Amino acid sequence: MTAAASWPRVEGLAYGGDYNPEQWPRETWDEDVRLMREAGVNLVSVGIFSWAMLEPKEGLYDFAWMDDLLDLLHANGIAADLGTPSVSPPAWFFHQYPEARVTDKNGTVMGFGSRGMASHAAPEYREAIARMAGELAKRYGDHPAVVMWHIHNEYGVPVAEDFGPRAVASWQRWLQERYSTLEGLNAAWGTAFWGQRYDDWEHVVAPAATPTIVNPAMKLDWARFTDDQLRECFVVERDAIRAHAAQPITTNFMAHQSWNTDLWKWAELVDVVSDDHYLWSPDPDAHVGLALSADLTRSVAGGKPWILMEHSTSAVNWQGRNTAKRPGEMRRNALTHLGRGADAIMFFQWRASRSGAEKFHSAMLPHAGAESRVFREVVELGGHLQDVADVRGAEVRADVAVLYDWESLWAQDLEWRPSDDVQFRERMRAFYERLWRDGVTVDFAYPSHDLSGYKLVVAPASYLLTASSAANLTRYVEGGGTLLVNFFSGIVNENDAVHEGGFVAPLRDALGLTVEEFLPLREGETAAVRWTRGDAVELPSDVWQEDIALVGAEVVAENISGPGIGKPAITRNTHGQGVGWYVGTRLSVEALTTVFDAVYTDAGIEASGLPETLEVVTRHGAAEDFVIAVNHGDDAARIPVAGIDLLTGAETDGELEVQGGGVAVVRTARMSGGGGD
Ligand code: GAL
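Residues numbered from 1 in each chain as written. Predicted model: local features only at pLDDT ≥ 70, side-chain atom pairs only at ≥ 80, totals over all residues. Heavy atoms only, no water.

Another point: the site of the ligand. Taken together, Phe49, Arg115, Asn153, Glu154, Asp276, Tyr278, Glu310, Trp318, Phe348, Glu358 and His361 are the residues near the ligand. The separation between an oxygen atom of the ligand and a polar side-chain atom of Arg115 is 2.9 Å. In this structure, an oxygen atom belonging to the ligand sits 2.8 Å away from a side-chain N or O atom of Glu310. For the ligand, whose free accessible area comes to 310 Å², the fraction covered by protein is 94%. Judged by its atoms lying within 2 Å of the grid points, the ligand is housed in the largest pocket. For the shell around the ligand, the per-class residue count stands at four nonpolar, two polar and five charged. (Near = heavy atom within 4 Å. Polar contact = N/O pair within 3.5 Å; in protein donor to acceptor, adjacent residues only side chain to side chain. Areas by Shrake-Rupley, 256 points an atom, 1.4 Å probe, with all protein chains shown as cover. 1 Å grid on protein atoms, 1.4 Å probe; cavity = no way out; pocket = protein on both sides within 12 Å on 5 of 7 lines; lining within 4 Å. Sits in = over half its atoms within 2 Å of the grid points. Nonpolar A, V, L, I, M, F, W, Y, C, P; charged D, E, K, R; others polar.)

Okay, here's the thing in structure tokens:
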């Protein structure tokens, strides 16, 4: 077997979506492929939910319809991303193997009639998915339409955790492997507290329903265990496919929306990274979250091109109020993903389902049919992707790294923290949004990565920070880097135990401080800080203050109201060749401007100076660059660039106007230097 390719064999950029033709009569398939061709679709994901059709009875396979489908696609020049249907085992499976159902934390066993209900720990499930993946790979490993394998669907949703007896037995084995001895486990979990000491592995139950909160170190390990189990299931299928087929293998991640999966680890298992992203309707600036998600996906992919496996042409159906995308919005969304490294733009789904739970979800071909605004925009986007096909493979470069660690998310957002108002994702988004509004392109990084290539490293939410990662950050500053750390970082180690030496102690040298006591604000309470570096200015703050103990840092802002009145709020510390900044209160995206402006100066970074609603990212090709501009504002805006707008053919010799709500992809001469854009 030859080594797997890392990109599906598709000409140009890939364009398409999930395709579930089994929901339609055969005649409809012919119409589908005709319209797909009209829209420029060259890749569709098939079979993701098709187990019941592929194996209607245990051991009895029906591949005839899939043969027909793949042949039809191939005859029409459309490639297939062939799904394995492990997210949705058939009714017979649960009837035959009731032990393979998931048990929730209250002991309720999940019934059939939905999707995603199988226990990752059940041997019957693992055997069945290996068998199915193997059968598919045997049959379609050489099919010319199949250019990629798509294992499962969105690991971890709708359920990840299983509290049933099978899972608990796996959990006990997992703990024995991790700790070897019960002394090790007792020490790591701090079981002397509340008398939780264990003297038998079998007594270590799952952190299910308990009278009050569960030991947080146990919960953190449970999250690691659950993620490991899901990855094991992926590997079972991957290996079953790899025995017979050489096409690249992927599974669809959910970047910033994923809770249960540590994508740094997952990315190492796939040949090509894919991501799903859906706008969050209540957020008026949901496109900023989209950009964050895209940058995070590219970062876990190690900077390599990635696949936008799913987004929506218009409304989804699973939020409280499912807002429809307005004209031009889908195109802006797609081009943001492209600008941030996606070389494939795909949707859920090709044709809207008439029945079932997702009948109100938008699609490339909506219920209204081909004579519709959405389909016209789908065709237009397909044309655009052909016009900009040369972007494929071009890289995004960044001078700034934002630290992102799923273990820190799992540990931070548990119960009984100093303030419910301190949330990992909220601060991640706020710091990211400041950079986004300043037009500064970022990578995400893991705290132990080599960060020396970045001018600035930002840690918005590094609650869990191991001593060795803290040492890495300290070395980064010593070597001349600029580090910006937000409060409630550097608090606990890998066992969720407070670091010795006080809060933030592992970063004491880099930041020139520790924190003696947290001073969270009451719900809704507001405060302010006075910034005194350069022009004095007052900035509103809320949620958090603290009693900072200075060990060499300079105070650049102090609290002028609230429980920490008169105490340092923002500090700057020189250490070695570099600088460590610290923000000890919660600042809005707007108020963070003052901090970031000063930090950019230290780091040698220039904000773009463009309107905040104009998103501009550069992809660097082998011989030329591509400037991708997305205007989220209503007014036209100008970007300084010379080249050709590949979408309109317009030539610009220094400035290009991008219409309100519009987009541009400008082919331009290769820029010198590194990232930043
Ligand atoms: C995704 C899922 C798809 C579809 C979509 C609807 O999370 O992978 O199968 O359900 O949501 O938005």
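Attention now moves to the confidence of the model for the chain. Of the residues in the chain, 99% have a pLDDT of 70 or more, and the chain-wide mean is 97. Segment residues 673–677: pLDDT under 50, and 17 contacts once partners within four positions in sequence are set aside and those in other chains are kept. (pLDDT = per-residue confidence, 0-100. Contact = heavy atoms within 4.5 Å.)

This part takes up the packing of helix α14 (residues 424–437) against helix α17 (residues 592–603). Contact geometry of α14 with α17 gives a least axis separation of 10 Å together with a crossing angle of 65°. Relative to α17, the crossing made by α14 is right-handed. Along its contact with α14, which presents Ala430, Phe431, Arg434 and Leu435, the element α17 presents Leu592, Thr593, Phe596 and Tyr600. (Axes fitted to C-alpha atoms, helices over the stretch in contact; angles between N-to-C directions. Helix = DSSP H or I, 4+ residues; strand = E, 2+ residues; numbered from the N terminus. Left-handed = near helix turned anticlockwise from the far one by under 90°.)

What follows is about the environment of Glu55. Along the chain, Glu55 falls in the loop between α2 (51–54) and α3 (64–75). Residues Glu55 and Met132 lie 77 residues apart in sequence; the distance between their C-alpha atoms is 8.4 Å. Aside from chain neighbours lying at most four places away, what touches Glu55 is Leu60, Tyr61, Pro90, Trp92, Arg131 and Met132. For Glu55, the side chain forms a polar contact with the main-chain nitrogen of Gly59, separated by 2.7 Å.

Contact geometry for helix α5 (residues 123–140) and helix α8 (residues 216–242): axes closest at 7 Å, N-to-C directions at 30°. Viewed along their axes, α5 and α8 adopt a mutual orientation that is roughly parallel. Here α5 runs over α8; the crossing is right-handed. On the side of α5, the interface is formed by Tyr125, Arg126, Ile129, Ala130, Ala133, Gly134 and Ala137, while α8 contributes Gln229, Glu232, Cys233, Val236, Glu237, Ala240 and Ile241. For the contact of α5 with α8, a count of residues per class yields nine nonpolar, two polar and three charged. (Parallel < 35°, antiparallel > 145°, perpendicular 65-115°, else oblique.)

Turning next to empty space enclosed by the protein. For the structure on display, the rule yields five cavities of 30 Å³ or more. Space inside the largest cavity adds up to approximately 160 Å³. Around the largest cavity, the lining comprises 18 residues; the ones closest to its centre are Ala118, Tyr125, His152, Val159 and Leu230. When its residues are assigned to classes, the lining of the largest cavity shows 12 nonpolar, six polar and no charged. (Points joined across faces, edges and corners; volume = space filled by probe spheres on them.)

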